[in-house]
Amino acid sequence: MATPIARATSKKSEALDPAFLQDWADRNMAAWDAMDGEAVADTCTDDVVWLDPSVPGPMRGRKELIKFVNALATSYPDLKVTRESNPIPSPVEQLGIARYTMTGTLTRLWPYTNLAATGQAMSVRCIDEWRFRDGLLAHNVTIYDCLTTARQLGIVPPPGTVGAKIMSKVQHLRARRLRERAACPACGFQKHNH
């Protein structure tokens, strides 16, 4: 049986090359700077899986990714992605981490969730987890503070406002219905067998 050190050492052969990662990230950033969906997709595998909190589910394949980039360019015409640091390669797998800031103004409908244009701007720190296969991005997970972003864009009202109080009342009504549907008659908690 291999020791933990032997297992970790054997995985080092799968480390992501820092020079490759930097080159790939530069090409990818140039595509985002141009808001060129096809150029972004060209840095990805045909079957890329892309997860972003602004979209209800994973996007699969280059065509869906192109559609996503085009939607961003339409809904946020001033969208700018600014790298915060060089991407960080994993020493044990084909994975890189990127930190960046995304800024833009929601001037048109966001088609994925039917959110109306607010004319409000966002500035949000993001982290992407990139997994590679054969020199191309195969899987992306984007992570950012959705609540703060929604407040900046005027989608969620600021705390302490009338809008926030109304939203809280609606949430309380919805929570009551969810609890009623899930309640166990014997103990009042989630349905289960006693």
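Shown above is the structure to which this text applies.
A.B. asks: Whenever I open this one, the packing of aromatic side chains confuses me. Can you help?
C.D. replies: A ring pair, where both rings are aromatic, is described by two values, the distance of the centres and the angle of the planes. Taken as a whole and judged by the stated rule, the model has 9 aromatic pairs. Pairing Trp110 with Tyr112 gives two aromatic rings, centres 5.2 Å apart and planes at 45°, and the pair type is tilted. The class of Trp110 is buried, set by a relative accessible area of 3%. Between the aromatic rings of Trp130 and Phe132, the centroid separation amounts to 6.4 Å while the plane-to-plane angle is 80°, which identifies the pairing as edge-to-face. There is no split in this pair, since Trp130 and Phe132 are both buried. By way of ring pairs, the aromatic residues Phe20, Trp24, Trp130 and Phe132 are connected into one cluster.

A.B. asks: Which parts of the structure should I look at to understand the side chain of Ser54?
C.D. replies: If you trace the backbone, Ser54 turns up in the loop between strand 1 (44–51) and strand 2 (59–60). Residue classification places Ser54 among the buried positions, given a relative accessible area of 17%. A polar contact is formed between the side chain of Ser54 and the side chain of Asp52, at a distance of 2.6 Å. Other than its neighbours up to four places away in sequence, Ser54 contacts Phe68, Trp110, Tyr112, Thr113 and Tyr144.

A.B. asks: Is there a simple way to explain a positive patch on the surface in this structure?
C.D. replies: Residues Arg174, Arg176, Arg177, Arg179 and Arg181 make up a contiguous surface patch of positive charge. Inspection of the secondary structure assignment puts Arg177 in helix 6 (residues 162–182). Overall, Arg177 belongs to the exposed group, its relative accessible area being 54%.

Here is what the cut-offs are and how they apply
Residues numbered from 1 in each chain as written. Predicted model: local features only at pLDDT ≥ 70, side-chain atom pairs only at ≥ 80, totals over all residues. Heavy atoms only, no water. Phe/Tyr/Trp six-rings, centres within 6.5 Å; stacked < 30°, edge-to-face > 60°. Buried < 20%, exposed > 50% of the residue type's maximum accessible area, 1.4 Å probe, protein only. Helix = DSSP H or I, 4+ residues; strand = E, 2+ residues; numbered from the N terminus. Polar contact = N/O pair within 3.5 Å; in protein donor to acceptor, adjacent residues only side chain to side chain. Contact = heavy atoms within 4.5 Å. Patch = residues over 30% accessible without salt bridge, like charges linked within 9 Å, V, L, I, M, F, W, Y side chains within 5 Å. Areas by Shrake-Rupley, 256 points an atom, 1.4 Å probe, with all protein chains shown as cover. Salt bridge = Lys/Arg side-chain N within 4 Å of Asp/Glu carboxyl O. Lys, Arg positive; Asp, Glu negative; His and termini not counted. Charge placed at Lys NZ, Arg CZ, Asp CG, Glu CD.

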